[in-house]
Structures are given as C-alpha cells and as structure tokens.
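Structural overview for review
If you want the building blocks of each chain, they are given just below.
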Amino acid sequence: MCGGETPMNILTVNLLFSTVVFAIAAKLYLIPMLPRLEPRSVVLPILLLHALRHLGLMFLAPGAVFPGIPAQFAYPAAIGDLIAAVLALIALAAVVRRSRFARPLVALFNVEGTLDLMLAISLATIYGAAPHMGPAYWIPAFWVPALLVTHYVTFVVLGRRWSGPM
C-alpha cells in the first residue's frame with residue numbers, strides 16, 4: 001500500500017516500539033542504579049536532554065514539516081516543547097547551584113513536560129498529523145519516546161527520599 005492509506009498508523013507503531021526500547025534500556029541500566037546514585041547526577045543529564053526541546057519548534061517550520069500539518073497539533077506541540085525547554089534550563093540552574101528550589105523546579109518541569117508530550121501525542125492522533133510530519137517525523141518516532149522514559153525516571157527520582165538539596 002505504498003503512497004496511499006496504510007492499515008495502521010506507522011508513526012504510532014514507531015512511537016510505541018521506540019518507547020519500549022528506551023524503557024527496556026532504562027530498566028536494565030538506569031533504574032537498578034538509582035539507589036546508589038545521587039539524585040542530581042541522574043537529573044542533570046535528563047535536564048540537559050530536555051533543554052533541547054526547543055527542537056519541537058520544527059513543527060512550525062516550513063520544510064521541516066509538510067504543508068497541511070494541522071495547526072491544532074503543531075502550535076500546542078511546539079509551544080509546549082519550548083516551555084519544557086525553558087523550565088528544564090531553569091531547573092538545571094537550580095540543581096547545579098544546589099538551590100532549595102531545585103526539587104520543586106524539577107517537579108514543575110517534569111509535570112509540564114509530561115503533560116505536553118501526552119497532549120501532543122493525543123492532538124497528533126486526533127488531527128491526523130502523521131502524514132504531514134515530513135523530516136520532523138523523527139521527533140515523535142525517536143525523540144518523544146526518549147523524553148517519555150526520562151520523564152518517568154525523573155518521577156522515580158522525585159519520589160525517592162533523600163536528605164539535603166538536590
């Protein structure tokens with residue numbers, strides 16, 4: 001069925017399988033190490049990764065997406081990612097400085113970032129954005145699964161008890 005309708009949404013399959021692979025990697029290599037790691041050593045690379053979410057602005061860039069990408073998906077996804085990137089940078093600064101605000105800022109970033117991804121996935125599905133992704137297809141097929149799993153890891157870290165600043 002080349003060029004026409006496919007019996008399944010390939011983007012959804014890619015998103016799900018990539019998420020499973022990232023989740024397996026986290027379960028095998030990171031989750032077992034969490035009790036031995038300092039919270040900041042876990043969240044700093046995660047925050048750096050999420051600080052790159054400005055790349056979600058590609059959903060608004062002609063050439064990065066095909067004409068006809070639903071605005072009902074593109075604008076909320078792009079702006080939500082930009083907000084997550086800014087919150088990640090703010091939380092990153094607080095964690096680096098060992099601020100007493102680090103943990104609540106990481107939590108704020110993590111909640112907003114997770115909700116943004118869930119909203120973007122829902123809107124992409126509702127409005128049929130997949131055929132218009134163009135070169136930006138890699139974002140939901142690869143990048144979003146990595147982000148989802150790192151949000152989960154951050155929730156695990158936030159749920160742990162520890163003494164002192166993050």
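Residues numbered from 1 in each chain as written. Predicted model: local features only at pLDDT ≥ 70, side-chain atom pairs only at ≥ 80, totals over all residues. Heavy atoms only, no water.

Right, let's get into helix H2 (residues 39–50). The end-to-end C-alpha separation of H2 is 17 Å, in line with the 16 Å expected for twelve residues at 1.5 Å each. When we look at burial in H2, the residues that qualify are Pro39, Arg40, Val42, Val43, Leu44, Ile46, Leu47 and His50. Residues of H2 that are buried sit in contact with helix H3 (71–96), helix H4 (102–126) and helix H5 (138–159). (Helix = DSSP H or I, 4+ residues; strand = E, 2+ residues; numbered from the N terminus. Expected span 1.5 Å × (residues − 1). Buried < 20%, exposed > 50% of the residue type's maximum accessible area, 1.4 Å probe, protein only. Contact = heavy atoms within 4.5 Å.)

With that settled, the discussion passes to the packing of aromatic side chains. Enumeration over the complete set of coordinates arrives at three aromatic pairs. Ring centres of Phe22 and Phe142 lie 5.3 Å apart, and the angle between their planes is 65°; on these two criteria the pair is classed as edge-to-face. With a gap of 120 residues between them, Phe22 in helix H1 (residues 10–30) and Phe142 in helix H5 connect regions that are remote in the sequence. Phe22 sits in the partly exposed class, given a relative accessible area of 24%. (Phe/Tyr/Trp six-rings, centres within 6.5 Å; stacked < 30°, edge-to-face > 60°.)

A few words now on the pattern of salt bridges. Counted by the stated rule, this structure contains three salt bridges. The closest approach of N and O atoms between Glu38 and Arg98, which form a salt bridge, is 3.1 Å. Of this pair, Glu38 sits in the loop between H1 and H2 while Arg98 sits in the loop between H3 and H4; the two residues are 60 residues apart in sequence, bridging distant segments of the chain. A relative accessible area of 39% means that Arg98 is categorised as partly exposed. For Asp81, the salt bridge identified is with Arg53, shortest N-O distance 2.9 Å. Of this pair, Asp81 sits in helix H3 while Arg53 sits in the loop between H2 and H3, placing them 28 residues apart in sequence. The buried category is assigned to Arg53, whose relative accessible area is 0%. Salt bridges sharing common partners tie together Arg53, Asp81 and Asp116. (Salt bridge = Lys/Arg side-chain N within 4 Å of Asp/Glu carboxyl O.)

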